[in-house]
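Reading the structure
Listed below, chain by chain, are the residues.
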Amino acid sequence: MGASGLCVDGNPAGFLDSKSTSCTRFFANLSKSCITDPALDAASYYRDFTVLKVPINDAIMQSMQVKITPVTPPGAPHMKDNTCTNVVSEVIYEIEFNSTHGIQSVSVQFKVTNITGNSGSSLQQHFTLRFWTRTLSRTLPRSGNPGYITGAPLLIANSGARQHMTILQSQADGSCSQFLRHTVQFGRNIRTGCKLSLSQLLQESDCSHIQQKLYKALQGMSRAEDLAIIGSAHSARAEEWTTILIQNCSVQAVNCTACCMVPVTLEIQILWSKEGLLSNPQAQMLGARYFYQCQPLKFLSTSMVPLTTVVTFTDMTEWPEPPRGQPKTYWKLPFDFFFPFKVALTEERSYRGDLAGCLLLILILSSLCF
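Below is a summary of the structure that appears in this document. (Residues numbered from 1 in each chain as written. Predicted model: local features only at pLDDT ≥ 70, side-chain atom pairs only at ≥ 80, totals over all residues. Heavy atoms only, no water.)

Overview of the overall build of the chain
- Helix and strand counts for the chain stand at 4 helices and 18 strands.
- Residues classed as buried in the chain amount to 35% of the 370 residues present.
- Summed over all atoms, the accessible surface of the chain reaches about 22,800 Å², with 55% contributed by carbon and sulfur. (Helix = DSSP H or I, 4+ residues; strand = E, 2+ residues; numbered from the N terminus. Buried < 20%, exposed > 50% of the residue type's maximum accessible area, 1.4 Å probe, protein only. Areas by Shrake-Rupley, 256 points an atom, 1.4 Å probe, with all protein chains shown as cover.)

The structure is reproduced here in structure tokens:
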């Protein structure tokens, strides 16, 4: 983005610098720019160039190059009835990085739109660059030791890899972010909402494909399988993890001939309790459930679908009954150094009480005799 908010091509992407930018393009002749401007064509963002795994000065070997993989790439833009279709409105690069072997893979996703008009037309474009690494989950900090700390991230596992539980996050325009997500924090209920564009998916009219895309958008890049019972859970200790129950929607539509039952709401229900000593209780997970709610979606009539995620924590702690009485001085306690002295004191008090009772009985009997 330039100083005036206009798009300026040729800006270098920073290594390990994940960021998002936006800019505006103006077109003096849309019918010409629609076909000739590479910034509007998705293919120009991945075709005919590769990314190097590591920076080198010698000859570039084929093994050092990483191809950019497009995810469901759209077609080339073209004019139709004074409208330029398949225009790129958002570009999202996702780069997998390994600290030992450099960049491992690069993928790119697109959002497209249509521009109507000829002279004076404009387009706002969004660009996102995100770096990530598979080894990041192994170095996650603990969320407590052993019990969870309020506000600490909730730990989940997918195929043995630890990570944080995340939910949908909206962008400035209210749309769902592809990669940025909120981290679920222990003990804090949260509700988020955003709108997901289905303009490209509706063209395929494949119900199962749309369902999978929405499920993936709600649950994130990796499906949560297990929940850490304690904040210091180790991925190799199976007893420190509990399986997350997942309840999907029914795929059958009700009273609709051209509908698809799609998930629109995800409720994450988490049960926990305090365990251990009353003086230092530790928060532990009892279980979690992913509960999806669906509604029928009519093909070719909806381009934006509102999605909602709700996270609730329920305290299931069963506190013990309070003691029925106060402890006595003559009760024996383990490893009590003063126990012999307490016993002697108690016996002396008992002896004095018995002697006083005997004297009182003698006085009463003698008065009756005289």
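Observations regarding the sheet that holds strand β8 (residues 155-158)
- Read across the open sheet, the 4 strands follow the order β9-β8-β13-β14; overall the sheet is antiparallel. Looking at the sheet topology across the chains shown, the edges are occupied by β9 (161-164) and β14 (241-243). Neighbour to neighbour, the strand axes of the sheet diverge by 35 degrees on average, direction disregarded.
- Bridging between strand β13 (residues 226-228) and β14 involves 3 bridges; their strand directions are antiparallel. Directly across from Leu-227, in β14, lies its bridge partner Thr-242. (Pairing = 2+ DSSP bridges. Axes fitted to C-alpha atoms, helices over the stretch in contact; angles between N-to-C directions.)

Examining unusual backbone geometry
- For the bond from Asn-145 to Pro-146, the omega torsion is 0 degrees, close enough to zero to count as cis.
- Topologically, Pro-146 is positioned in the loop between β7 (121-132) and β8.
- The backbone of Thr-72 sits at a positive phi, close to 45 degrees, despite the residue not being glycine.
- Structurally, Thr-72 can be placed in the loop between β3 (65-71) and β4 (78-80).
- Of the residues examined, Thr-72 reaches a relative accessible area of 36% and is grouped as partly exposed.
- Non-glycine residue Asp-81 carries a positive phi angle of around 55 degrees.
- For Asp-81, the location among the structural elements is in the loop between β4 and β5 (83-98).

Remarks on the pairing of β7
- Sheet topology places strand β1 (residues 19-27) next to β7; 9 bridges connect them, and they run antiparallel. Bridging across to β7, Arg-25 finds its partner in Leu-123.

Concerning a nonpolar patch on the surface
- Taken together, the side chains of Leu-271, Leu-286 and Met-316 define a hydrophobic patch exposed on the protein surface, amounting to about 250 Å² of accessible area.
- Within the element layout of this structure, Leu-271 appears in strand β16 (residues 259-275). (Patch = residues over 30% accessible without salt bridge, like charges linked within 9 Å, V, L, I, M, F, W, Y side chains within 5 Å. Salt bridge = Lys/Arg side-chain N within 4 Å of Asp/Glu carboxyl O.)

What to know about the side chain of Glu-240
- With respect to the helices, strands and loops of the structure, Glu-240 is situated in the loop between β13 and β14.
- For Glu-240, a relative accessible area of 13% corresponds to the buried category.
- Beyond its immediate chain neighbours, meaning those up to four positions away, Glu-240 contacts Leu-227, Ala-228, Ile-229, Ile-230, Ser-232, Ala-233 and His-234. (Contact = heavy atoms within 4.5 Å.)

Describing the environment of Ser-222
- Tracing the backbone shows Ser-222 in the loop between α3 (207-219) and β13.
- On the accessibility criterion, Ser-222 (23% relative accessible area) is partly exposed.
- As for Ser-222 and Met-165, which are separated by 57 residues in sequence, their C-alpha atoms are 9.9 Å apart.
- For Ser-222, the residues in contact, after removing those within four places along its chain, are Asn-158 and Gln-163.

Section: the sheet that holds strand β17 (residues 282-298)
- With respect to topology, 5 strands assemble into an open sheet ordered β12-β18-β16-β17-β15, the strand pairing being mixed. Strands at the two margins of the open sheet, each flanked by one partner only, are β12 (190-197) and β15 (245-247). Between one strand axis and the next, the sheet turns by 15 degrees as a mean value, whatever way the strands run.
- Bridge analysis of β16 against β17 gives 16 bridges, and the strand direction is antiparallel.

What about the environment of Gly-120?
- Note on placement: Gly-120 falls in the loop between β6 (102-116) and β7.
- Assessed through its relative accessible area of 60%, Gly-120 is described here as exposed.
- Not counting chain neighbours up to four residues away, the residues in contact with Gly-120 comprise Phe-27 and Ala-28.

Structural notes on the side chain of Asn-158
- Within the secondary structure, Asn-158 is located in strand β8.
- Judged by relative accessible area, which is 18%, Asn-158 ranks as buried.
- For Asn-158, the contacting residues outside a window of four places in its chain are Gln-163, Ser-222, Arg-223 and Glu-225.

Thoughts on the packing of aromatic side chains
- The tally for this structure, following the rule as stated, stands at 9 aromatic pairs.
- Ring centres of Phe-15 and Phe-97 lie 5.1 Å apart, and the angle between their planes is 80 degrees; this geometry places the pair in the edge-to-face category. In this pair, Phe-15 is assigned in the segment before β1 and Phe-97 in strand β5, connecting sequence segments 82 residues apart. (Phe/Tyr/Trp six-rings, centres within 6.5 Å; stacked < 30°, edge-to-face > 60°.)

Focus on the pattern of salt bridges
- Within this structure, the stated rule accounts for 5 salt bridges.
- Of the charged contacts, one joins Lys-111 and Glu-90 as a salt bridge, the two residues approaching to 3.4 Å between their closest N and O atoms. You can see Lys-111 sitting in strand β6 and its partner Glu-90 sitting in strand β5, a full 21 residues away along the chain.
- Judged by relative accessible area, Lys-111 falls into the buried class, the value being 18%.
- Measuring nitrogen to oxygen at the nearest pair gives 3.1 Å for the salt bridge that ties Glu-94 to Arg-130. Separated by 36 residues along the polypeptide, Glu-94 in strand β5 and Arg-130 in strand β7 bring together distant segments of the chain.
- Overall, Glu-94 belongs to the buried group, its relative accessible area being 8%.
- Residue Arg-130 is classed as partly exposed on the basis of its relative accessible area of 23%.

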